[in-house]
Amino acid sequence: MDKAKGLYDEAVLELASRTFWGYLGCELIRQDEREVVIGLDIREHHLNMIGILHGGVHTSLLDTAMGMIAMSARPGEDVVTSSLNIHFTAPAKVGRVTAIASIAHMSGRMITAEGRLTGEDGKLLSLATASFRVLERKG
């Protein structure tokens, strides 16, 4: 896993490596207050039965990237995805994909983020928006 510095320290990334993040093979490339960038090397197990990147992998990458930027916008609070809308625009095969997420809007206890998944050639593969609910952290 990449050792990108900034909002997510090595302890957080180590914990993430034991979750679905690690299972997929995600790599934090870059993050700051404005955006999160995640990479994934597509392997055969990421593909569907017709040999292209499974829609669930598109969705998981974008949900993860958007969730990370939403969490960074509200440090010390928990956020959960409350809705997600995705548009699949092009197929991807084995290779490298990149998810880039940013905040579109924040108000009260809601955050709206947007994300794009692109291929190595920069081609748009999928586009998503998501709403995140900010939860009160319990003890």
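Criteria and cut-off values
- Residues numbered from 1 in each chain as written.
- Predicted model: local features only at pLDDT ≥ 70, side-chain atom pairs only at ≥ 80, totals over all residues.
- Heavy atoms only, no water.
- Helix = DSSP H or I, 4+ residues; strand = E, 2+ residues; numbered from the N terminus.
- Rg over C-alpha atoms; globule rule 2.2 N^0.38 Å.
- Buried < 20%, exposed > 50% of the residue type's maximum accessible area, 1.4 Å probe, protein only.
- Contact = heavy atoms within 4.5 Å.
- Areas by Shrake-Rupley, 256 points an atom, 1.4 Å probe, with all protein chains shown as cover.
- pLDDT = per-residue confidence, 0-100.
- Core = buried A, V, L, I, M, F, W, Y, C linked by side-chain atoms within 4.5 Å.
- UniProt positions renumbered as here; feature names shortened; annotations may be inferred.

**So, the overall build of the chain**
Move 1: Helix and strand counts for the chain stand at three helices and six strands.
Move 2: For the chain, the N- to C-terminal ordering of α and β elements is α-α-β-β-α-β-β-β-β.
Move 3: Taking 139 residues into account, the globule formula puts the C-alpha radius of gyration at 14 Å, and the chain, at 15 Å, falls close to it.
Move 4: With the C-alpha coordinates aligned to their principal axes, the bounding extent of the chain is approximately 45 × 30 × 25 Å.
Move 5: The buried share of the chain, taken over its 139 residues, is 39%.
Move 6: Nonlocal contacts in the chain, meaning residues at least 24 apart in sequence, comprise 63% of its contacts between residues at least 6 apart.
Move 7: Summing over all exposed atoms, the chain offers an accessible surface of approximately 7900 Å²; the carbon and sulfur share of this is 53%.

**Some points on the confidence of the model for the chain**
Move 1: Averaged over all residues, the pLDDT of the chain equals 90, while 91% of them reach at least 70.
Move 2: Within the chain, the lowest mean pLDDT, 72, falls on helix α1 (residues 10-17), and the highest, 98, falls on strand β5 (residues 110-119).
Move 3: This stretch, residues 1-5, has a pLDDT under 50; its non-local contacts, to residues over four places away or in other chains, come to 15 contacts.

**Quick notes on the nonpolar core**
Move 1: Judged by nonpolar contacts, the single largest core of 35 residues is most densely connected at Trp21, Ile38, Leu61, Met66, Val97, Leu117 and Phe132.
Move 2: Looking at this core, the elements that each hand over two or more residues are α1, α2 (20-24), β2 (35-42), α3 (55-73), β3 (78-88), β4 (95-107), β5 and β6 (124-135).
Move 3: Broken down by element, this core gets its largest block of residues, eight residues, from α3.
Move 4: Those residues in contact with Leu117 that sit more than four places away from it in its chain are Leu53, His58, Leu61, Leu62, Val97, Thr98, Ala99, Lys123, Leu124, Leu125 and Ser126.

**Concerning the UniProt feature "domain: Thioesterase" (unreviewed entry) in the chain**
Move 1: If you check UniProt for "domain: Thioesterase" (unreviewed entry), the listed places come out as residues 51-124 in our numbering.
Move 2: Secondary structure within residues 51-124 divides into 26% helix and 47% strand; the distance between the first and last C-alpha atoms comes to 18 Å.

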